[in-house]
Amino acid sequence: MAEGKIRRRSGSAKPDSTHQQDPAAGVDDDVVRNAPVLTIKWTKLAILALFLLTPYLSLLYLLPIERGLMRSILINLAMSVVGFGGTILLIPVASKYVLRRNMFGYDINKRGSAAGKVKVPESLGLVSGIVFLVVAILFQHFIFSQENSISDSYPPENAWLTEYYAALASICFMIFLGFVDDVLDIPWRVKLFLPSIAALPLLMAYAGRTNIVIPKPLRPTLGFNELDLGWIYKLYMGLLAVFCTNSINILAGVNGLEVGQTVIISCAVLIHNVMQISRSEETRHAHAFSLYIMQPFVATSLGLLAFNWYPSSVFVGDTYTYFAGMALAVVGILGHFSETMLLFFLPQILNFLYSIPQ
């Protein structure tokens, strides 16, 4: 079941996983001709989607949300469904190209069986990331265009536009670095700091609050309710990006685990966002911004999970784990619920604490 791989490419094996190198080199047409048949686990995917998305869609229907804002959410949701279909259609096409470039692996934990001899295409998280970016970029036409502004709350000159661009830039940068890692097998001492580089556009564009709320029991002693951290808060945001990205990357190894844990966390974020939109006028725009990122992200991730579910037909690679971690960090930071995001990452935090001795 584990998604450990023997890689066909040249280079050293990754120290953080069960990857090993195949001494054979080169590629020919037989690799493509002998490519595995990509199977979509429709039944499992439908059950998971029904279980995770029903609470969110029910809340979206039942809770009172401004009409213009609801229209923008529904348009984003419709575009996300198209993104899901695009991911499903493009993964089989992309798998042939990565196989031609010798980017495939063997599941070493299936050795001794027919499944252990199947060439599984790698780095297919690239497809999910590209489709997500296309959907997110096209959505700007509906939310920020003067001709197509669908809500008076989101005029073209809205300050969110700058942060929206910064969020997409950080995610795009992280997808690129993840694919570079898949190709070059970057060592851990280097890849640990890659999210810091990718988060720079986000940190430079951040114009929100940099203060934290003091817990009520400590307020009488300290004499104030809030504390402005200034640049220290931005440092915290950069570290959050590093944590989210690497925690998704580390807690991996089983078919579907990387994408599965990400989809569960993302659906929890969607539920949190839609509840806060209906409750708080002050944070409504921030949580709506998070929805615009998370809906296409969940859709494209489900499209990838359809192929990555056990028994996996494709491997997602570090491209997806980096992309997923940065997407979650972006919404946590710009949605101003980074502390809540850490609660959603509780299993990853426990895994981190357990791994400290290593």
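So, how was this worked out
- Residues numbered from 1 in each chain as written.
- Predicted model: local features only at pLDDT ≥ 70, side-chain atom pairs only at ≥ 80, totals over all residues.
- Heavy atoms only, no water.
- Helix = DSSP H or I, 4+ residues; strand = E, 2+ residues; numbered from the N terminus.
- Buried < 20%, exposed > 50% of the residue type's maximum accessible area, 1.4 Å probe, protein only.
- Contact = heavy atoms within 4.5 Å.
- Areas by Shrake-Rupley, 256 points an atom, 1.4 Å probe, with all protein chains shown as cover.
- Polar contact = N/O pair within 3.5 Å; in protein donor to acceptor, adjacent residues only side chain to side chain.
- Core = buried A, V, L, I, M, F, W, Y, C linked by side-chain atoms within 4.5 Å.
- Salt bridge = Lys/Arg side-chain N within 4 Å of Asp/Glu carboxyl O.
- UniProt positions renumbered as here; feature names shortened; annotations may be inferred.

Each helix and strand counted, the protein has 15 helices and six strands in total. In the protein, which comprises 358 residues, the share counted as buried stands at 51%. Restricting the contact set of the protein to residue pairs at least 6 apart, pairs at least 24 apart contribute 78%. With the model as given, the accessible surface of the protein reaches about 16500 Å², and the carbon-plus-sulfur share is 67%.

A few words on unusual backbone geometry. Omega for the peptide link from Y310 to P311 comes to -5°, which places this bond in the cis form. Tracing the sequence through the fold places P311 in the loop between α12 (284-308) and α13 (317-334). Within the chain, N102 stands out as a residue other than glycine whose phi angle is a positive 65°. In this fold, N102 is placed in the loop between α3 (67-100) and β3 (104-107).

Turning our eyes to something else, we now look at the side chain of T321. Inspection of the secondary structure puts T321 in helix α13. By relative accessible area, T321 is classed as buried at 1%. Within the structure, the side chain of T321 is placed 3.1 Å from the backbone oxygen of D318, a separation counted as a polar contact.

The subject of this paragraph is the environment of V180. Inspection of the secondary structure assignment puts V180 in helix α5 (residues 160-184). Taking the C-alpha atoms as reference points, V180 and D318, separated by 138 residues in sequence, lie 8.9 Å from one another. Those residues in contact with V180 that sit more than four places away from it in its chain are D185 and I186.

Among the nonpolar cores identified, the biggest contains 85 residues, and F132, I171, M294 and L334 are the most heavily contacted of them. Examining the composition of this core, we find that 14 residues originate from one element, α12, more than from any other. Excluding residues within four positions of it along the chain, M294 makes contact with S266, V269, L270, A327, L328 and V331.

As enumerated under the stated definition, the model contains one salt bridge in all. Of the charged contacts, one joins R284 and E66 as a salt bridge, the two residues approaching to 4.0 Å between their closest N and O atoms. Residue R284 is located in helix α12, and its partner E66 is located in the loop between α2 (42-62) and α3; the two are separated by 218 residues in the primary sequence.

Here, the residues flagged by UniProt with the feature "transmembrane region" (unreviewed entry) are residues 45-63, 75-99, 120-144, 164-180, 192-212, 232-252, 289-310 and 322-346. Annotated as 95% helix and 0% strand, the span residues 45-63 places its first and last C-alpha atoms 27 Å apart. Secondary structure within residues 232-252 divides into 90% helix and 0% strand; the distance between the first and last C-alpha atoms comes to 31 Å.

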